[in-house]
Amino acid sequence: EGMAPPKRILFPPEKICMVWQQRQSAGAGLFNVGNTCFLNAVLQCLTYTPPLANYLLSREHSQACHQRGFCMMCIMEAHVNKVLHSSVSAILPLAVLKVFRCIGEHFQPGREEDAHDFLCCTVNAMQRACLSASTDLDISSQSTTIVHQIFGGFLRSRVTCFSCKAVSDSYEAFLDVPLDIKVRASSLTRALEDFVTPEHLDGENCFKCSKCKKNVTASKRFTVHCAPKVLTVCLKRFDCFTGGKISKVVEYPEYLDLRPYMSQADGEPLHYSLYAVLVHSGVSCHGGHYFCYTKASNGLWYQMDDESVELCCIDTALRQQAYLLFYAR
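Residues numbered from 1 in each chain as written. Predicted model: local features only at pLDDT ≥ 70, side-chain atom pairs only at ≥ 80, totals over all residues. Heavy atoms only, no water.

- With an unreviewed UniProt entry as reference, the protein chain is termed UBP42 hydrolase, source organism Myiagra hebetior.

1. Here's the deal with a nonpolar patch on the surface
Then comes step 1: Residues Phe31, Val33, Leu92 and Leu94 make up a contiguous nonpolar surface patch of about 310 Å² in total accessible area.
Then comes step 2: Counting through the fold element by element, Val33 comes out in the loop between strand 1 (29-30) and helix 1 (37-47). (Patch = residues over 30% accessible without salt bridge, like charges linked within 9 Å, V, L, I, M, F, W, Y side chains within 5 Å. Areas by Shrake-Rupley, 256 points an atom, 1.4 Å probe, with all protein chains shown as cover. Salt bridge = Lys/Arg side-chain N within 4 Å of Asp/Glu carboxyl O. Helix = DSSP H or I, 4+ residues; strand = E, 2+ residues; numbered from the N terminus.)

2. Concerning unusual backbone geometry
Then comes step 1: We note that Arg59 has phi near 60 degrees; this positive angle belongs to a residue other than glycine.
Then comes step 2: As for its position among the elements, Arg59 is in the loop between helix 2 (50-57) and helix 3 (60-64).
Then comes step 3: By relative accessible area, Arg59 is classed as partly exposed at 38%.
Then comes step 4: Unlike most non-glycine residues, Lys213 shows phi in positive territory, near 60 degrees.
Then comes step 5: Within the secondary structure, Lys213 is located in the loop between strand 7 (207-209) and strand 8 (214-216). (Buried < 20%, exposed > 50% of the residue type's maximum accessible area, 1.4 Å probe, protein only.)

3. As for the UniProt feature "domain: USP" (unreviewed entry) in the protein chain
Then comes step 1: UniProt annotation of "domain: USP" (unreviewed entry) refers to residues 28-329 when read in the numbering used here.
Then comes step 2: End C-alpha to end C-alpha, residues 28-329 measures 26 Å, and it is 28% helix and 29% strand. (UniProt positions renumbered as here; feature names shortened; annotations may be inferred.)

4. Brief notes about the pairing of strand 4 (residues 167-174)
Then comes step 1: Summarising the sheet, strand 3 (residues 153-161) and strand 4 pair through eight bridges and their orientation is antiparallel. Opposite Leu155, over in strand 4, you have Glu172 as the bridge partner.
Then comes step 2: Turn length for the strand 3-strand 4 hairpin, with the two strands adjacent in sequence and antiparallel, is five residues, and the turn residue Lys165 shows positive phi of about 70 degrees. (Pairing = 2+ DSSP bridges.)

5. Here's the deal with the nonpolar core
Then comes step 1: Counting residues in each nonpolar core, the largest one holds 64 residues, and the members touching the most others are Met73, Phe118, Ile146, Phe151, Leu278 and Tyr290.
Then comes step 2: In terms of residues, this core owes the most to one element, helix 7 (residues 115-131), which gives nine residues.
Then comes step 3: When near neighbours in sequence (up to four residues on either side) are disregarded, Met73 contacts Tyr55, Leu56, His61, Met126, Ala129, Cys130, Ile146 and Val147. (Core = buried A, V, L, I, M, F, W, Y, C linked by side-chain atoms within 4.5 Å. Contact = heavy atoms within 4.5 Å.)

6. Some words on the environment of Leu131
Then comes step 1: Tracing the chain through its elements places Leu131 in helix 7.
Then comes step 2: For Leu131, a relative accessible area of 16% gives the class buried.
Then comes step 3: Separated by 121 residues in the primary sequence, Leu131 and Leu10 place their C-alpha atoms 8.5 Å from one another.
Then comes step 4: Discounting chain neighbours no more than four positions away, the residues touching Leu131 are Leu10, Leu137, Gln142 and Thr145.

7. Let's talk about the pattern of salt bridges
Then comes step 1: Counted according to the given criterion, the structure contains six salt bridges.
Then comes step 2: Across the pair Lys15 and Glu60 runs a salt bridge, and its minimum N-O distance is 2.9 Å. Of this pair, Lys15 sits in the segment before strand 1 while Glu60 sits in helix 3, placing them 45 residues apart in sequence.
Then comes step 3: Glu113 is paired through a salt bridge with Arg111; the nearest N and O atoms lie 3.1 Å apart.
Then comes step 4: When its relative accessible area of 6% is taken as the criterion, Glu113 is described as buried.
Then comes step 5: Accessibility expressed as a relative area gives 36% for Arg111, which makes it partly exposed.
Then comes step 6: Salt bridges sharing common partners tie together Arg190, Glu193 and Asp194.

Structure (structure tokens):
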């Protein structure tokens, strides 16, 4: 509603399977080759994303891919198959390490990078790989790739003029939701409430109303307009300027209802289930260590810390200083 329908469907949505099609215990750990814990933790979270793993395990992408050179989908397909079918306890994520600079040209081998930045660049590279065969697509059609249909949603920004009450809506695609935790948020639900709380626009920040034809005071409110199949949340723990870290506890549930934060807030509940938690330990973004907790296809939770993969309980996964949270519909 309010958005143009896609002119082309690039991947049939009914083919996306949200439940694991193969059940097994956790696959291999990943060797650290010098400050690559951020890469390992992100790759493990993506490997245990059920709809993505189901698709990559089918090898459907590589069978149809005609891309010359760098294709992130082919690389992820090779990586996920290697991790989940490995007979050894740990592997080197060589396919990904080889294309490290193609994923993000600002990445430097041997340097500790930000896990959220690496996740964004990896998912964007996968999205570009899915679009490589199509040119001149409208925005709505671009959101019908398998990658965008799994991770992507749309936000609505609604500005309401206080003078004439005119409403102006704009829409923006997203692949993850960064949430502020600086001020009040001691829980994920509180951070989401803050995210959808209207912002007052006045003074230098006032709004040019097209109906009033002048600058006016107004309110601006973000809501989730189209919910993703997989909700990725980044709790903004790092200060943009100093790199310092907000180390406070932010509680997050195993099950989340996204409905209260939607444009249509009064419909059926939108239930999500937590399946991965990425953690940063350390005092700033310039150092420290990344590891993660993931739920394997057998329904059990594992702590994944580079080459180490250890069975753990859900309670441990829920008590972490989380940086990235992954929820599936």
